[in-house]
Amino acid sequence: MTTKTIAITGATGQFGAIALDLLKAKQANVIALVRSPEKISGVAARKFDYSKTEGQVEALQGVDTLILVSSNEIGQRFVQHNNVIKSAKKAGVKHIIYTSLLGATNGNTVKSLAGEHVETEAALKTSDITYTILRNGWYTENYTASIPAALANNAFYGSAKNGKISSVLRAELAEAAVNVALSEGHENQTYELAGSTSWTLADLAAEISKQTGKEIPYVDIPAADYASALVQAGLDEGFAGLIAQWDVDASNGALFSEDKTLEKLLDRPTAGLDVAVKQALSH
């Protein structure tokens, strides 16, 4: 077992909380970096905010490896990540593992998200800190979260046409990050992390139908109509537009990859769509 001290940002978030639990289970020497340390039990917790540089260097003291989970504040991410990288440098952190975006630097990616990840990757590479960039594929949960609405509407609506999606369960990507943190040989590497299998929204609708016994077709609609429907369902206009655009990106292949690096990091294939749908239906 490694003796290095591993810290993780956003440790109460969806991704960070899973990674923290895995590190605890492996009895790693771990520090949770969170806005509200009182919400953490069982491990050391330090107050940490991506946006507030004061206190960051102190919170990172004694950390060997930092898992920098990307912020969820689109538009603020690069500034926040850069704050953390600079503070990590001052604190003497030896290795940063960063959760980026699948295909971040290739032309066909999710453009609304890629820019800030590319900037962060560049900042890491010029920081003189050893890095590992994990270009995480799309979370399967981004789509299975729509299952309740599909069941209510008797159809799964979207704008991804027949675009193939090589998605991964959040827990699998968190496990990969933990495995990288606990092992050697990942210095200054960039990994594209995609699911072992790919699927379309029609495949997802078919799997929902199979598991529920209810006929749920996939209905492809123009992105503008999809965004309007999301607004009617209660989403704010800006976010609804982003979700619809992500479907358009998917239709153009932005969420597809045949890279099998993730299988190597997990030492197994990733879960299929059947597992993801079953999980979503059991919640």
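Residues numbered from 1 in each chain as written. Predicted model: local features only at pLDDT ≥ 70, side-chain atom pairs only at ≥ 80, totals over all residues. Heavy atoms only, no water.

The protein chain carries the name NAD(P)H:quinone oxidoreductase in an unreviewed UniProt entry, which gives Haemophilus pittmaniae as its organism.

Novice: Please provide a residue-by-residue account of the sheet that holds strand 2 (residues 29-34), values included.
Specialist: Pairing is parallel in the open sheet, where seven strands are placed in the order 3-2-1-4-5-6-8. The open sheet has two free edges, formed respectively by strand 3 (44-47) and strand 8 (189-193), since each of these has just one partner strand. Neighbour to neighbour, the strand axes of the sheet diverge by 20 degrees on average, direction disregarded. Bridge count for strand 4 (residues 65-68) against strand 5 (residues 95-101) is four bridges, and the pairing is parallel. By the bridge assignment for strand 5, Leu 66 is matched with Ile 96. Sitting on the sheet, helix 3 (residues 77-91) touches strand 4 and strand 5, and the angle it makes with strand 4 is about 175 degrees. (Pairing = 2+ DSSP bridges. Helix = DSSP H or I, 4+ residues; strand = E, 2+ residues; numbered from the N terminus. Axes fitted to C-alpha atoms, helices over the stretch in contact; angles between N-to-C directions. Contact = heavy atoms within 4.5 Å.)

Novice: Could you give an account of unusual backbone geometry, naming the residues involved and the relevant values?
Specialist: A positive phi angle, near 60 degrees, is found at Asn 154, a position not held by glycine. Relative to the assigned elements, Asn 154 resides in the loop between helix 6 (147-153) and strand 7 (156-158). Note on Asn 154: relative accessible area 43%, which makes it partly exposed. Notably, Lys 161 is not glycine yet its phi reads approximately 50 degrees, a positive angle. Mapping Lys 161 onto the fold places it in the loop between strand 7 and helix 7 (170-182). A relative accessible area of 51% means that Lys 161 is categorised as exposed. (Buried < 20%, exposed > 50% of the residue type's maximum accessible area, 1.4 Å probe, protein only.)

Novice: So what's going on with the domain arrangement of the protein chain? Residues and values would help.
Specialist: Here the domain parsing of the protein chain yields domain 1 (6-136) and domain 2 (138-169 + 194-257 + 268-282). For domain 1 and domain 2, the distance between their C-alpha centres works out to 28 Å. Every contact between the two is made by eleven residues of domain 1 and, on the other side, eleven residues of domain 2. Buried surface at the junction of domain 1 and domain 2, summed over both partners, amounts to about 870 Å²; 64% is from carbon and sulfur atoms. Among the residues domain 1 hides against domain 2, the three largest losses belong to Leu 102, Asn 108 and Val 110. Together they make up 52% of the total. There are two residue pairs in polar contact (both at pLDDT 80 or more) connecting domain 1 and domain 2. For the side of domain 1 that touches domain 2, the leading source of residues is helix 4 (residues 111-125), giving three residues. Its residues assigned to classes, the side of domain 1 that touches domain 2 shows six nonpolar, four polar and one charged. (Domains from an automatic or database assignment. Buried area = accessible area lost by both parts, 1.4 Å probe. Polar contact = N/O pair within 3.5 Å; in protein donor to acceptor, adjacent residues only side chain to side chain. Nonpolar A, V, L, I, M, F, W, Y, C, P; charged D, E, K, R; others polar.)

Novice: Before we move on, could you go through the packing of aromatic side chains and cite the residues and values that matter?
Specialist: Pairs of aromatic rings are described using the distance from one ring centre to the other and the angle between the two planes. Tallying each qualifying case throughout the model produces three aromatic pairs. Aromatic pair Tyr 143 and Trp 199: ring centres 5.7 Å apart, planes at 85 degrees, arrangement edge-to-face. Highlighted residues: Tyr 143 in helix 5 (residues 141-144) and Trp 199 in the loop between strand 8 and helix 8 (201-212), separated in sequence by 56 residues. Look at Tyr 143 and you get buried, because its relative accessible area is 5%. With a centroid separation of 6.0 Å and an interplanar angle of 80 degrees, the aromatic rings of Phe 239 and Trp 246 are classed as edge-to-face. Among the residues examined, Trp 246 registers a relative accessible area of 12% and is labelled buried. Taken together, Trp 138, Phe 239 and Trp 246 form an aromatic cluster joined through their ring pairs. Here the guanidinium or amino end of Arg 170 rests over the ring plane of Tyr 139, the centre of that ring lying 4.3 Å away. (Phe/Tyr/Trp six-rings, centres within 6.5 Å; stacked < 30°, edge-to-face > 60°. Lys NZ or Arg CZ within 6 Å of the ring centre and 35° of its normal.)

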